[in-house]
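Chain by chain, the residues run as shown.
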Amino acid sequence: MKIFGLIISIFIYYLIFLQCHNAYGQKYAIVIHGGAGNFSENDISETKQLEYSAKLMEALVLGDSILKNNGTSLQAVEQVIKILEDSPLFNAGKGAVFTNAGTNELDASIMDGKTLKAGAVAGVGDIKNPISAALKVMTNSNHVLLAGKGASIFAREQGLEIVDSSYFYTEERFKALEKQKSAEEQIDKKGTVGCVALDNFGNIAAGTSTGGMSNKKYGRVGDSPIIGAGTYADNQTCGISCTGHGEFFIRYAVAYDVSALIKYKGMQINEAADFVINDKLKNAKADGGLIGIDKNGNICMVFNTTGMFRGSATNNKKPEVFMFGEK
Ligand code: ASP
């Protein structure tokens, strides 16, 4: 009987320990972006602002609950990005911008900070959720980056949803292309999406998805599917997802640079991100921003433009979203 009592007490102590661990020991964090650009309150109607906030919040709340319920950072990153890809509001998935030829060529990547494994797709036009294809490349192939037709064949083989190219048609983006063509403007840089998460097991993951730059030509690929440029994750340092003028983000190896500054210079994530975005890139006249989480759960959201759709949440901070310069 005594032994029985002892077992019951140990069990009760164990349950209490688990509860305390949940409340105080675990530390998850999530941060998202929906693209950086030089936009202000006057450029986006109030209704649209509400739509953006609601969609960012929906994605963030989902990510927060995945992590709260002991889901992995990779699961959170994929699911959150899928929500943003399925919305026509962002330049990723459904809302992707158009190329000069009037087509859509989408790029995405994902990285696991625990194993340093990564997957990416570039220039795909029929995969509904490029982020899921990127994840499959990471988990089910020996490669890191698959492009164009081959990526589509792989995605189909993996059982991912394939759509007709007309799925990516949105009037707003098509009109933007026509406007750019007549004005000979080259770029429209807002709406790429990204997510970085740290889960209750201490693992960091990062992902990015985009339609690239409106009016792009010749199979142009930006930084978003390039590991080390648009996306990077390492449990020893941080996870990063970028948005901005991709050519510069590739040349400055932005996502990896932030990780390297933490690793080799002992910088804090905010300091490192601020240096790369507001010093190096600004001096190069490159617009953009990034989001990140370090191994201790510190979050950064840094941009050198007037706006960046963004939001974050942690185990002890409710989800919050922002668009302009507000802190
Ligand atoms: N970085 C993306 C690209 O260059 C665009 C963006 O983030 O808005 O393709």
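Further up the page is the structure itself.
Residues numbered from 1 in each chain as written. Predicted model: local features only at pLDDT ≥ 70, side-chain atom pairs only at ≥ 80, totals over all residues. Heavy atoms only, no water.

Trainee: Explain helix H5 (residues 148-157) to me, and be specific about the residues and the numbers.
Mentor: Of all the residues in H5, the buried ones are Ala151, Ser152, Phe154 and Ala155. Each buried residue of H5 lies within a common arc of 160° when the element is viewed along its axis, so the set occupies one face. Exposed side of H5, more than 90 degrees from the buried face: Lys149, Ile153, Arg156 and Glu157 are the residues found there. At the exit of H5 stands glycine 159, carrying a positive phi of roughly 80°. (Buried < 20%, exposed > 50% of the residue type's maximum accessible area, 1.4 Å probe, protein only. Helix = DSSP H or I, 4+ residues; strand = E, 2+ residues; numbered from the N terminus. Arc of directions from axis to C-beta.)

Trainee: Now, about the site of the ligand: what can you tell me, with residues and values included?
Mentor: The full set close to the ligand counts 11 residues, and Thr192, Arg220, Asp223, Thr243 and Gly244 are the nearest of them. The contact in question runs from an oxygen atom of the ligand to an N or O atom on the side chain of threonine 192, over 2.8 Å. One nitrogen or oxygen atom from the side chain of arginine 220 is found 2.8 Å from an oxygen atom belonging to the ligand. Of the residues that constitute the shell around the ligand, the class distribution is 1 nonpolar, 7 polar and 3 charged. (Near = heavy atom within 4 Å. Polar contact = N/O pair within 3.5 Å; in protein donor to acceptor, adjacent residues only side chain to side chain. Nonpolar A, V, L, I, M, F, W, Y, C, P; charged D, E, K, R; others polar.)

Trainee: Go over the sheet that holds strand E1 (residues 29-37), please, and point to the residues and values.
Mentor: Strand order across the open sheet formed by 8 strands is E4-E3-E2-E6-E5-E1-E11-E12, with mixed pairing between neighbours. Strands at the two margins of the open sheet, each flanked by one partner only, are strand E4 (145-147) and strand E12 (317-322). Each adjacent strand pair in this sheet contributes to an overall mean axis angle of 5°, direction not counted. Looking at chain direction, E1 and strand E11 (residues 307-314) are connected through 7 bridges and run antiparallel. (Pairing = 2+ DSSP bridges. Axes fitted to C-alpha atoms, helices over the stretch in contact; angles between N-to-C directions.)

Trainee: Quick one: what's the story with the sheet that holds strand E10 (residues 299-303), residue by residue and with numbers?
Mentor: Across the sheet, 4 strands lie side by side as E7-E8-E9-E10; this open sheet has antiparallel pairing. Unpaired on one side and paired on the other, strand E7 (231-233) and E10 mark the two borders of the sheet. Strand-to-strand twist in this sheet, taken as the mean axis angle between neighbours without regard to direction, amounts to 10°. Strand direction decides the pairing type here: strand E9 (residues 288-294) and E10, joined by 5 bridges, are antiparallel. Bridge pairing in E10 places leucine 290 opposite valine 302. The strands touched by helix H8 (residues 254-265) within the sheet are E7, strand E8 (238-244) and E9, with E8 carrying the most contacts at an inclination of about 145°. Helix H9 (residues 269-283) rests against E8, E9 and E10 of the sheet, and its axis sits at about 15° to E10. (Contact = heavy atoms within 4.5 Å.)

Trainee: I'd like to hear about the pattern of salt bridges, residue by residue, with values.
Mentor: In the structure shown here, the tally under the stated rule is 11 salt bridges. A salt bridge links lysine 317 to glutamate 320; its shortest N-O distance comes to 3.5 Å. The exposure class of lysine 317 is partly exposed, given its relative accessible area of 30%. Connected through salt bridges with shared partners, the residues Asp86, Lys128 and Glu161 form a single ionic network. (Salt bridge = Lys/Arg side-chain N within 4 Å of Asp/Glu carboxyl O.)

Trainee: Quick one: what's the story with the pairing of strand E3 (residues 117-124), residue by residue and with numbers?
Mentor: Of all 8 residues in E3, 6 are buried, a share of seventy percent or more. Where strand E2 (residues 106-112) lies against E3, 6 bridges are found, and the strand directions are antiparallel. What sits directly across from leucine 106, in E3, is valine 124. What sits between E2 and E3 in their antiparallel hairpin is a turn of 4 residues, with leucine 116 showing a positive phi close to 60°. The parallel pair E3 and E4, bridged by helix H4 (residues 130-140), forms a crossover whose chirality is left-handed. (Right-handed = clockwise from strand over helix to strand, strands pointing away.)

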